[in-house]
Amino acid sequence: MKNSLKYIIAILITAIVATGAYMIFRKPRVKAVAEHHSEARSGKDYHNDSDKYPGNSSDVIKESGEMPVYGNWKTFTTKDGLPSDKAYAVRIDGDRVLVGTHDGLAVYEDGKWTTYTTEDGLAHNGIVSIDVDQLTGDVWIGTLGGLNRWSSGKFETFNQFNSGMPNDLVYNVFCYGKDIWVATGGGAGHYNTQTKQWEIFTEMNAPMHEPWTYALSAGDGKVWIAAWGGGVIEYNTETRHFRDYVDPDGFMEIDLQPDDGVVHDITTATSYDDSILWVSTYFGMSRYDGKNWKGYFDHDSGLASNFINFLRAEGPVVFVCSDNGLSSFNGETWVTYKKNDNDENGKAIITNGSEKKEIPLSPSIAHNFIIGVDAKDDYLWVATSKGVARGERIH
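If you're wondering where the values come from, they're calculated on a predicted model, not measured in any experiment.

(A) Expanded view of the nonpolar core. With 40 residues, the main nonpolar core has Trp-73, Trp-278, Met-285, Tyr-337 and Leu-380 as its most contacted residues. Broken down by element, the residue count for this core peaks at 5 residues, all from strand S24 (residues 317–322).

(B) Examining the pattern of salt bridges more closely. All told, the structure shown has 10 salt bridges when counted by the stated rule. Between Lys-178 and Asp-179 there is a salt bridge, with its nearest N and O atoms 3.6 Å apart. On the basis of relative accessibility, which here comes to 31%, the residue Lys-178 falls in the partly exposed class. A network of salt bridges, in which partner residues are shared, links Arg-91, Asp-131, Arg-312 and Asp-374.

(C) Spatial organisation of the sheet that holds strand S2 (residues 70–76). Pairing within the open sheet is antiparallel, and its 4 strands lie in the order S2-S31-S30-S29. Both outer strands of the open sheet, S2 and strand S29 (370–376), are each paired with one neighbouring strand and no more. Ignoring strand direction, the axes of neighbouring strands in this sheet form an average angle of 20°. Bridge count between S29 and strand S30 (residues 379–384): 6 bridges; the pairing is antiparallel. The residue of S30 that forms the bridge with Val-373 is Val-382.

(D) Just the sheet that holds strand S4 (residues 96–101), in detail. If you trace the 4 strands from one edge of the open sheet to the other, you get S3-S4-S5-S6, paired in antiparallel fashion. Strands at the two margins of the open sheet, each flanked by one partner only, are strand S3 (87–93) and strand S6 (112–116). With direction set aside, neighbouring strand axes in the sheet form an average angle of 20°. Pairing analysis gives 5 bridges linking S4 to strand S5 (residues 104–109), with the strands arranged antiparallel. Considered in S5, the bridge of Val-99 is made with Ala-106.

(E) Up close: the confidence of the model for the chain. On average, residues of the chain carry a pLDDT of 87, and 83% of them reach 70 or more. Overall, residues 1–56 carries pLDDT values under 50, and its contacts beyond four positions in sequence, including any with other chains, amount to 103 contacts.

(F) Expanded view of the pairing of strand S25 (residues 325–329). Taken across its 5 residues, S25 has 5 buried, putting it largely inside the fold. Alternating residues of S25 divide into Gly-325, Ser-327 and Phe-329 and Leu-326 and Ser-328, and every residue in both groups is buried. Across 5 bridges, the pairing between S24 and S25 is antiparallel. In the sheet register, Val-318 faces S25, and the bridge partner there is Phe-329. The antiparallel hairpin formed by S24 and S25 contains 2 residues in its connecting segment. Two successive antiparallel strands, S25 and strand S26 (residues 333–339), enclose a turn made up of 3 residues, where Gly-331 displays a positive phi of approximately 100°.

(G) Looking closely at the pairing of S4. For S4, a buried count of 6 out of 6 residues is recorded, marking the element as mostly surrounded by other parts of the structure. On S4, burial covers both faces: Arg-96, Leu-98 and Gly-100 on one face and Val-97, Val-99 and Thr-101 on the other are all buried. As consecutive antiparallel partners, S3 and S4 are separated by 2 residues, and within that stretch Gly-94 has a phi angle of approximately 65°, a positive value. Between S4 and the antiparallel strand that follows it, S5, lie 2 residues.

(H) Summary view of the environment of Tyr-88. Positionally, Tyr-88 belongs in strand S3. Sequence spacing of Tyr-88 and Val-373 is 285 residues, and the spatial spacing of their C-alpha atoms is 9.3 Å. Within the structure, the side chain of Tyr-88 is placed 3.0 Å from the side chain of His-102, a separation counted as a polar contact.

(I) Broad picture of unusual backbone geometry. Following Ser-362, the chain continues into Pro-363 via a peptide bond in cis, with omega recorded as 0°. Unlike most non-glycine residues, Ser-275 shows phi in positive territory, near 65°. Topologically, Ser-275 is positioned in the loop between strand S19 (267–273) and strand S20 (276–281). With relative accessibility at 47%, the residue Ser-275 sits in the partly exposed group.

(J) View of the packing of aromatic side chains. Taken as a whole, this structure holds 34 aromatic pairs when the rule is applied. Measuring from centroid to centroid gives 4.4 Å for Tyr-288 and Trp-293, while their planes differ by 20°, and the two rings are stacked. The pair formed by Tyr-288 and Trp-293 is uniform in burial state, with each residue classed as buried. A network of ring pairs unites the aromatic residues Tyr-171, Trp-212, Tyr-214, Trp-228, Tyr-282 and Phe-307 as a single cluster. For Lys-74, the ring lying beneath its charged end belongs to Phe-76, and the centroid distance is 5.5 Å. The ring of Tyr-296 is capped by Lys-294, whose NZ or CZ atom sits 5.9 Å from the centre of that ring.

Thresholds applied
In this convention, every chain numbers its residues from 1, walking through the sequence in written order. Given that the model is predicted, a residue must reach a pLDDT of at least 70 before its local features are reported, and side-chain atom pairs must reach 80 or more before they are shown or counted; all residues, however, enter totals for whole chains, interfaces and linings. Water and hydrogen atoms were dropped before computing side-chain values, which therefore reflect all heavy atoms in the structure. We define the nonpolar core as a collection of buried residues of types Ala, Val, Leu, Ile, Met, Phe, Trp, Tyr and Cys that are connected through side-chain atoms lying within 4.5 Å of one another. Burial status follows relative accessibility: with a 1.4 Å probe on protein chains alone, a residue under 20% of its type maximum counts as buried, one over 50% as exposed, and anything between as partly exposed. Secondary structure elements are taken from DSSP: a helix is a run of H or I of four residues or more, a strand is a run of E of two residues or more, and numbering for both begins at the N terminus. The rule for a salt bridge is simple: a side-chain nitrogen of Lys or Arg has to be within 4 Å of a carboxyl oxygen of Asp or Glu. Only strands that DSSP links by at least two bridges are regarded as paired with each other. Note on geometry: axes are C-alpha line fits, over the in-contact stretch for helices, and angles between N-to-C directions span 0 to 180 degrees. A score from 0 to 100, pLDDT tells how confident the predictor is in each residue. Any two residues whose heavy atoms approach within 4.5 Å at even a single point are treated as in contact. Polar contacts, as used here, are pairs of N or O atoms within 3.5 Å; protein pairs need one atom able to donate a hydrogen and one able to accept it. Residues neighboring in sequence count only if both atoms are side-chain atoms. Stacked, edge-to-face and tilted labels apply to pairs of Phe, Tyr and Trp rings (six-membered ring for Trp) whose centres lie within 6.5 Å, assigned for plane angles under 30 degrees, over 60, and everything in between, in that order. A ring is scored as having a charge over it whenever the NZ atom of a lysine or the CZ atom of an arginine sits within 6 Å of its centre and within 35 degrees of its normal.

This is the structure in structure tokens:
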């Protein structure tokens, strides 16, 4: 009964996200057991004023090793020009930053925000995913009512009525060479920008339990699809063959046999970089190096929460968006960011094995409920339910 109720709750939560109302009704989660039992040590306070990094930043570098740590956080909300504080996606595109919100696309450039809505040609104002085609510079936008290509200042819409799109509810879009991949409520879709043809993958022609796909990523000739209740579907673009990775424990909440596969079949995102596949679920995170699986949970690692909305890998580092903070990990060291409940401050928690170090941050990230993230050079952008936050790497 307990398990059934939790699955129902998870499904209801996802449905609310799709309608854009999730953020309004979500209640804060109880702090992870690992946090309650951590033996945290005091640290320097990194804040946002003329003395940006008081104390010795080498202390932070020493604790984090190769892992980047971000401070000097700046939060952007409707007061600063965002169309909505409910931010679902963020993507860095050269000198500008693209943010998908509940009420349109927000573009940050030259210190100013510009908003685009359905009046400008968007398929829907609810934008949940953004990616940039590195070959053409076109921006692809996944919305709650179709897919957009933003090219030369104009929005082109793809939907079920005017193209071969599998479904208008586009949870995720990913650009891979000349191909555009989408995860939708009606299966995964592949669009060849040269032939202008669509392919659709559902339970009818792929090893999926149902057509509901939540996210995808690609690299080294393969595409990894996060399929709801179906684990991870791997598609080889050369052989056109499928392979599925599921939890050997089935729908058990407890990982009975650690590191035997993906930690749960309800997957929410995949991200591939540096020859490593990262997989997020509502029950923890998995890492796959092509041969071995490794699972991570909030009670035995530096992971902020097992309830993971999204993740993105940049080189050896994966950034994990949860309902209780943002975590980053390089396979050895964790850095987790959490905001205080009653003020703008928070902390960065550096975890190396059983050792933890807390670095007070003032201010901190915008909110602990995080859905989108992107990193480039010395900047980290985070999309939350209370605005967008930008952090600067501490050197």
